[in-house]
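# Notes for the structure review
Here are the chains, one letter per residue:
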Amino acid sequence: MVQDKTISSRIFDIVNYTLLSIIGLVTILPFLHVIAGSFTTVTELAQKQFVLFPTVWSLDAYKYVFSTNTVFRSLGVSVGVTFLGTMFSMLLTCLMAYGLSRRDLEGRNFIMFMVLFTMLFSGGMIPTFLVVKEMGLIDTYAALIVPTAINAFNLIIMRNFFQNLPEGLEESAKIDGAGDWGILFRIVIPLSMPAIATISLFYAVTYWNTYMSAILYLNDAAKWPVQVILRQIVILASGLAADTSGMDEFVRPPEQTVKMAVIVIATLPILCVYPFLQKHFAKGALLGSIKG
Amino acid sequence: MRRIVKNRAIYLMILPGFLYFLIFKYIPMSGLIIAFQDYQAYLGVTGSPWVGLKHFERLFTEPMFFTILGNTLLLFFLNLAFYFPVPIILALMLNEVRREAFKRFIQTLVYIPHFMSWVIIVSISFVMLSMDRGIINELLVMAGFEKINFLMSSEWFRPMYVLQIIWREAGWGTIIYLAAMAAIDPGLYEASRIDGASRFRQMWHITLPSIRSVIVVLLILKIGDVLELGFEHIYLLLNSMNRDVAEIFDTYVYTAGLKQGQFSFSTAVGFFKSLIGLILVMLANWLAKKAGEEGIY
């Protein structure tokens, strides 16, 4: 667009840039407040309230958090579930998406409709719980992965990506004697790395953030992922929530700095992958928004 | 038949995913029949006695039902009225930024919260809003006001709920609008500038009408989510002090079903919810088509 140099246009720009800067700050300040707060002492936090650059640096909060093994153990669970879950989900998603991308497949439209319909209607929490229970998944780590293994949005994004690969590639591979499995693993998947990276990161973020599956399907507190522990320490310890099961290890309400440290620990992995994620996700989000 | 045999490898690839949808999506749908039974775990779906519409009758006579229905509808309405326009406005603002670097920087910042779980978002709010050393209350005191117990009050639940949604999702919500804006023909802006249109008028008469169909589609999708207010989010904010305004269908199903073991009754509640949701999407889609837009299916 050509630059518009009138005075009203300049004022517009100044107001717009200022407002956007404020919005950016409002979005990010709470995170910075919590990160800085977790690295200072309780007294400094009490005196200055809002700390962005602590004058007294301290790891006390982290030492306290890691003095019991609750958080450590839950981090292990989250890392494991995120890693295995992402692999499992990607395998299932890629296989199904590739199959559905083949235009010559009999029954393809029926299966696509079946997938789309689950986005409009569902059996709901209790019938799903009963199925998970019948499968013997209650109190197993698999309950955090298997019942949510395929995300219909992600499946559709992958299918669209596969469908847009040039058909000639498959043809020529077939002439060279490759079977369907060979085409998928030697040609289609290597060519789809950008899409695979994006969707993997989407799945990984979802698994890292897993909370609901854990409270529905895991009664055993020793198996809880970090998000559930975070809720125990920050939200339940404020003495507010309706049920206070599993509070034994943090009976005394923890200090603000400790709460902040746990928030940082639960957030950190995502902040670390965010720069990689960001490169791809806009495209993924766009494809995902176009249903069908 | 020959084609099916020829493609057997492809069917084998689809099979695991097909089974996933069958087991974890379609069997639960058929499991909705326990809403018409007195489900007993040891008798199972096949053995439990049929009771017709008993649970639905109870649902419609329970006073709690109307509180929940009211809360659900009100929270949805607030969500629609206060959250829905925000990404559009934010996208309009970002679209006017000519400095690519600045635009990308702000986008990077406002996308971040979307990737945080509700537990993290709610936890950060709790740390900031708590009565005991929460930054917001400390600032209120410094400014000469009384402390406010945000987390344990009925009045503050709704604003808190909406603001958290805006904080988490507004930035992410701009992606689709920005993409739609990028596709607008620059000639339109040029022509309007020659006619003397200000930047505001250009936004109003060119940008907004150009993304109208995208807005309509997203509105339909939103209406389809009328009863999906986010179990996690509300469950995390829910406590004994705000239950009267915060309890929605999902949290009620969770407490009545899984905590108190009333499987059949809470399945009936969930069934009612899913059904209303389905009807609303179809209605919204039909309305969109009537209005001359494409709809989503």
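In short, a report on the structure.

Conventions and cut-offs
- Residues numbered from 1 in each chain as written.
- Chains lettered and ligands numbered in written order.
- Predicted model: local features only at pLDDT ≥ 70, side-chain atom pairs only at ≥ 80, totals over all residues.
- Heavy atoms only, no water.
- Helix = DSSP H or I, 4+ residues; strand = E, 2+ residues; numbered from the N terminus.
- Buried < 20%, exposed > 50% of the residue type's maximum accessible area, 1.4 Å probe, protein only.
- Salt bridge = Lys/Arg side-chain N within 4 Å of Asp/Glu carboxyl O.
- Phe/Tyr/Trp six-rings, centres within 6.5 Å; stacked < 30°, edge-to-face > 60°.
- Lys NZ or Arg CZ within 6 Å of the ring centre and 35° of its normal.
- Axes fitted to C-alpha atoms, helices over the stretch in contact; angles between N-to-C directions.
- Parallel < 35°, antiparallel > 145°, perpendicular 65-115°, else oblique.
- Contact = heavy atoms within 4.5 Å.
- Nonpolar A, V, L, I, M, F, W, Y, C, P; charged D, E, K, R; others polar.
- Patch = residues over 30% accessible without salt bridge, like charges linked within 9 Å, V, L, I, M, F, W, Y side chains within 5 Å.
- Areas by Shrake-Rupley, 256 points an atom, 1.4 Å probe, with all protein chains shown as cover.

### Description of the environment of I229 of chain A
Residues and elements named next belong to chain A. Structurally, I229 is set in helix α12 (residues 226–235). Judged by its relative accessible area of 5%, I229 falls in the buried class. On a C-alpha basis, the gap between I229 and V71 in space is 6.9 Å, while along the polypeptide they are 158 residues apart.

### Re the pattern of salt bridges
Inspection of the entire model under this criterion finds 13 salt bridges over all chains. Between R102 of chain A and D180 of chain A there is a salt bridge whose closest N-O contact spans 3.0 Å. With R102 of chain A in the loop between α4 (70–101) and α5 (108–120) and D180 of chain A in helix α9 (residues 180–191), this pair connects stretches of sequence that are 78 residues apart. Taken as a pair, R102 of chain A and D180 of chain A share a single burial class, namely buried. For the salt bridge of D250 of chain B with K273 of chain B, the shortest nitrogen-to-oxygen distance reads 2.9 Å. You can see D250 of chain B sitting in helix α16 (residues 249–259) and its partner K273 of chain B sitting in helix α17 (residues 263–290), a full 23 residues away along the chain. Since its relative accessible area comes to 11%, D250 of chain B is described here as buried. The class for K273 of chain B is buried, based on a relative accessible area of 7%. A cluster of three or more residues bridged by salt bridges with shared partners is formed by D13 of chain A together with E96, R98 and R199 of chain B.

### Side note on the packing of aromatic side chains
All names here are of chain B. The final tally for this structure, using the stated rule, is 33 aromatic pairs over all chains. The interplanar angle of 80 degrees and the centroid separation of 5.1 Å between the aromatic rings of Y235 and Y254 together place this pair among those described as edge-to-face. Within this pair, whereas Y235 is found in helix α14 (residues 231–237), its partner Y254 is found in helix α16, the two being separated by 19 residues in sequence. Considered together, Y235 and Y254 belong to a single accessibility category, that of buried residues. Here the aromatic cluster, defined as three or more aromatic residues joined through ring pairs, consists of F60, F65, F66, F249 and F272. Above the ring of F265, the side-chain terminus of R58 is found at 3.6 Å from the ring centroid. Taking the ring centre of W118 as reference, the NZ or CZ of R168 above it sits at 4.6 Å.

### Points about the packing of helix α6 (residues 125–134) of chain A against α17 of chain B
Their axes nearest at 8 Å, the elements α6 of chain A and α17 of chain B cross at an angle of 130 degrees. Comparing their axes, α17 of chain B and α6 of chain A come out oblique. Residues I126, P127, F129 and L130 of chain A of α6 of chain A lie in contact with α17 of chain B, whose contacting residues are F263, S266 and T267 of chain B. Class assignment for the residues of the contact of α6 of chain A with α17 of chain B results in five nonpolar, two polar and no charged.

### Quick look at a nonpolar patch on the surface
Together, L91, W181 and F185 of chain A together with L12, L15, L19 and L22 of chain B line one region of the surface with nonpolar side chains, adding up to about 610 Å² of accessible area. Broken down by secondary-structure element, the contributors of at least two residues to the nonpolar patch are α9 of chain A together with α2 (8–30) of chain B. The biggest single contributor to the nonpolar patch is α2 of chain B, with four residues. Within the fold, F185 of chain A resides in helix α9.

### So, the packing of helix α7 (residues 100–111) of chain B against helix α10 (residues 154–182) of chain B
Residues and elements named next belong to chain B. One can describe the packing of α7 onto α10 by two numbers: an axis separation of 7 Å at closest approach and a directional angle of 130 degrees. Comparing the axis directions of α7 and α10 gives the class oblique. Counting all contacts with α7, which are made through Q107, V110 and Y111, the residues of α10 involved are G171, W172, T174, I175 and L178. Across the contact of α7 with α10, the residue classes tally to five nonpolar, three polar and no charged.

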